Amino acid sequence: MMVYRGVLKRASHHSRRLSGNVVYKRSSKTLDKFHLDKGYDQRDALKKQKRTPDEPGNPTKGFAALTRNEVLRLASVLKRCGQTKALADGKLVHAHIRRCRYDRNTFLGNWLVQMYGDCGRMADARAVFDALPTHNLHSWTVLIKGYVKNGCGREALDCFEGMQISGIQPDCVHFTCALDACASLGALDKGQKIHAAIIGSGYEERLIVGTALVNMYGKCGNIFEARSVFRKIPQRDVICWNTMIAVCAQNGHGEEALDFYNEMQCDCVKPNYVTYVSVLDACASLRALQKGQEIHATIVVRSYEGQIVIGTALINMYGKCKSLQDARNVFDRMLQRDVVAWNAIISACAQNAHSKEALEYFDEMQNNGIRPDHVTFACALDACADLVSLEKGQELHAAIINNGYEGHVLVANALINVYGKCGCLLDARGVFYQMFQRDVVSWNAMIAACAHNGHGNEALYYFNEMQNEGTKPDQITFLSVLNACSHTGCIDDGRKYFILMTEDHGLTPKMEHYLCLVDILGRAGHLDEAEGLVNTMSCENKVRVWLCLLGACRIHGDVERGVRAANHVFKLDPNSPAPYVLLSNMLVQAGRLDDARKLRGIEL
DNA sequence: ATAGGGTTAG
């Protein structure tokens, strides 16, 4: 702060001397005052003074050119403003440049664009860029970089194209920025086109370009290409390895992520704490508690445990691996906790049926002066849904609106879920229809809300709508759809959607899908078909499915089949009392009291 | 004349 303030003063002083304009002296003073107490009145005072310069007349008269050193000094001040995110100071420098009539200067304009971009003000950056009469290579670089840094991938790619249209060849910085934009947008085809342009540009050998490619392919879900690019990179550093590991972990290839982690060490590349964040992510996705604990030990040995990101990743891993106590221990040991760390513990509790505790953490974080963000609200809402607590859910909904988070997809999805679970289909619909953007989770939540409240046909309506809008259903969608079918009791629909899922969408049904279909078929009395279906299931855990069939057999009095189903459960889960209860009820109903008594004998 | 690009937690 002190450094560039001094520089700015000096720059102002020089200008005053050169231009003979008294205003600069005053504005310089005001600038100092402004720094002392940041008051808005001072800024207003400054604005008033800004209008005083002798605007009419020849700009060159009374506005002598800045010396090269003065320009460089202003540039360095702008750089510092950007680095320290000192937007207010940057604006003052901008005003100063404008008064010097240097705002059409490409060199300073580029620096202004960079400053505004660093401060997160892309609209201002763009305005400066557009006002420049001439753009050079660097003008495009700072603009594109600003867009990428601020998460505006769409605009970044537009500029990348605009630059080429205006006849400028992109260099490797532009390529990496553009790949970043594709990664954030999940724009695989654009990314592939850029890849093609990179091959033949001579930049494909560069480590950073290669890393950006691995990242782009990974973020777009094309792990095959990511791996193939990675393997072609001759000299890989730790960031490159980290990227590959992260990409595997994020795409559910946990085993492969751990393989890469081992391989990098064989390659004598020393993992850093970022590596461990992704390795923990891999353990979390694999639900590999033991491996996770092992990695935790390594983290402690290498003194990375104090990193807030590592602590958060550990909480997440333990939460996913169903070891809430380990998660709590990590959380308690953390010296510093930010909102993400609190979110992690809230989420860990909510995922492990400790929803009350999750809401306690939610209150506690606010007592600790940490403001909840959109993820916090989504996690807290998950806890409400689990508790079926409409009251708390409504309270959170009000807080969400107060904090302006109702527009977040994550939050809206969680709200639909809460209202659905609490039987408020009307409120669920209200949230759903107010959304600007919907993802597959939004549709799933809405379909589940309908199914849960017995509106099977409405659920199927949303299922059709989502496809009309171009959203691809996933396994969870089909689970809710099958649930809806079990509400309508339409076995044809049940069969139809099961086949649609497996054959048209190529999704592998999970135990829960079979469970649903067996339930639909069983309750309708299609016991033979249901049993056949269970027999086609691969090695998954079939206990619940056999139990479901057993229940159906009891309803329809099919004792022989019921005994078969019960025997499967006995074998798979010898300690479960459920099959005994169901089977003995069924035997009693069938009048086979002796058999029922015998069965009770076994049970005792 | 500028400066610099790739990885990471909920």
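Keep in mind that this is a model prediction, so the values were computed, not measured. (Residues numbered from 1 in each chain as written. Chains lettered and ligands numbered in written order. Predicted model: local features only at pLDDT ≥ 70, side-chain atom pairs only at ≥ 80, totals over all residues. Heavy atoms only, no water.)

Asker: Hey, could you run me through the overall build of chain A in this one?
Answerer: For chain A, the helix and strand inventory stands at 35 helices and zero strands. Put simply, of all contacts in chain A between residues at least 6 apart along the chain, 61% involve residues at least 24 apart. For chain A, the computed accessible surface area is about 29500 Å², with 52% contributed by carbon and sulfur atoms. (Helix = DSSP H or I, 4+ residues; strand = E, 2+ residues; numbered from the N terminus. Contact = heavy atoms within 4.5 Å. Areas by Shrake-Rupley, 256 points an atom, 1.4 Å probe, with all protein chains shown as cover.)

Asker: Whenever I open this one, a negative patch on the surface confuses me. Can you help?
Answerer: On the surface, D332, E360, D363 and E364 cluster together to form a negatively charged patch. With three residues, helix α21 (residues 355–367) is the largest single contributor of residues to the negative patch. One can find D363 in helix α21. (Patch = residues over 30% accessible without salt bridge, like charges linked within 9 Å, V, L, I, M, F, W, Y side chains within 5 Å. Salt bridge = Lys/Arg side-chain N within 4 Å of Asp/Glu carboxyl O. Lys, Arg positive; Asp, Glu negative; His and termini not counted. Charge placed at Lys NZ, Arg CZ, Asp CG, Glu CD.)

Asker: Would you mind showing me how to read unusual backbone geometry here?
Answerer: Trans peptide bonds make up most of the peptide bonds, and negative phi angles are found at most residues other than glycine. In this model, K85 sits at a positive phi of 55 degrees, which is unusual for a non-glycine residue. Within the secondary structure, K85 is located in the loop between α4 (68–83) and α5 (87–99).

Asker: Just to check I follow, could you spell out the layout of surface pockets for this structure?
Answerer: Within this model, the largest pocket holds a volume of roughly 1100 Å³. Every residue lining the largest pocket is counted, 27 residues in all, and those nearest its centre are D382, N417, K421, V441 and I476. Listing elements by their share of the lining of the largest pocket, those giving two or more residues are α22 (374–387), α24 (409–421), α26 (440–452), α28 (475–488) and α30 (511–523). Among the elements that line the lining of the largest pocket, the one with the most residues is α24, at seven residues. Of the residues in the lining of the largest pocket, the class split is 11 nonpolar, nine polar and seven charged. Space inside the second largest pocket adds up to approximately 580 Å³. Forming the boundary of the second largest pocket are 26 residues, of which N316, K320, S347, Q351 and C379 lie nearest the centre. Residue assignment for the lining of the second largest pocket shows that the elements contributing at least two residues are α16 (273–286), α18 (308–320), α20 (339–351) and α22. With eight residues, α18 is the single largest residue contributor to the lining of the second largest pocket. Grouping the amino acids of the lining of the second largest pocket by side-chain chemistry returns 14 nonpolar, six polar and six charged. (1 Å grid on protein atoms, 1.4 Å probe; cavity = no way out; pocket = protein on both sides within 12 Å on 5 of 7 lines; lining within 4 Å. Points joined across faces, edges and corners; volume = space filled by probe spheres on them. Nonpolar A, V, L, I, M, F, W, Y, C, P; charged D, E, K, R; others polar.)

Asker: Please clarify how α5 should be interpreted in this entry.
Answerer: An α-helical segment advances 3.6 residues per turn. Residues three or four places apart therefore align on the same side. A rise of 1.5 Å per residue sets the reference length of α5, with its 13 residues, at 18 Å; its end C-alpha atoms lie 18 Å apart and thus fit the reference within 8%. Where burial is concerned, most of α5 is hidden: 10 out of the 13 residues are buried. Turning to α5, its buried residues are L87, D89, G90, L92, V93, H94, A95, H96, I97 and R99. A positive backbone phi angle near 60 degrees is found at R101, which sits one or two residues after α5. (Expected span 1.5 Å × (residues − 1). Buried < 20%, exposed > 50% of the residue type's maximum accessible area, 1.4 Å probe, protein only.)

Asker: Is there a simple way to think about the packing of helix α6 (residues 106–118) against helix α7 (residues 122–131) in this case?
Answerer: For any two helices packed against each other, one specifies the inter-axial angle together with the distance between the axes. Here α6 crosses α7 at 170 degrees, and the two axes come no closer than 7 Å. With respect to their mutual orientation, α6 and α7 come out roughly antiparallel. Along the contact surface, α6 presents G109, L112, V113, Y116 and G117, while α7 presents M122, D124, A125, V128 and F129. Here the residues of the contact of α6 with α7 sort into seven nonpolar, two polar and one charged. (Axes fitted to C-alpha atoms, helices over the stretch in contact; angles between N-to-C directions. Parallel < 35°, antiparallel > 145°, perpendicular 65-115°, else oblique.)

Asker: Just checking my understanding: could you explain the protein's contact with DNA strand B for this structure?
Answerer: In the vicinity of DNA strand B, 38 residues are found, and the nearest of them are C172, V173, N242, N343 and D373. Atoms of DNA strand B within 4 Å of the protein belong to the sugar or the phosphate in 44% of instances, the rest to bases. Side-chain polar atom of N242 to a base oxygen of DNA strand B: 2.6 Å apart, as the coordinates give it. At 3.2 Å from a phosphate oxygen of DNA strand B is found a side-chain nitrogen or oxygen belonging to Q250. (Near = heavy atom within 4 Å. Polar contact = N/O pair within 3.5 Å; in protein donor to acceptor, adjacent residues only side chain to side chain.)

Asker: I tried to follow the environment of L314 on my own but got confused; where do I start?
Answerer: Its location among the elements puts L314 in helix α18. When sequence neighbours within four positions are dropped, the list of residues in contact with L314 reads L280, H296, I299, E305 and V330.

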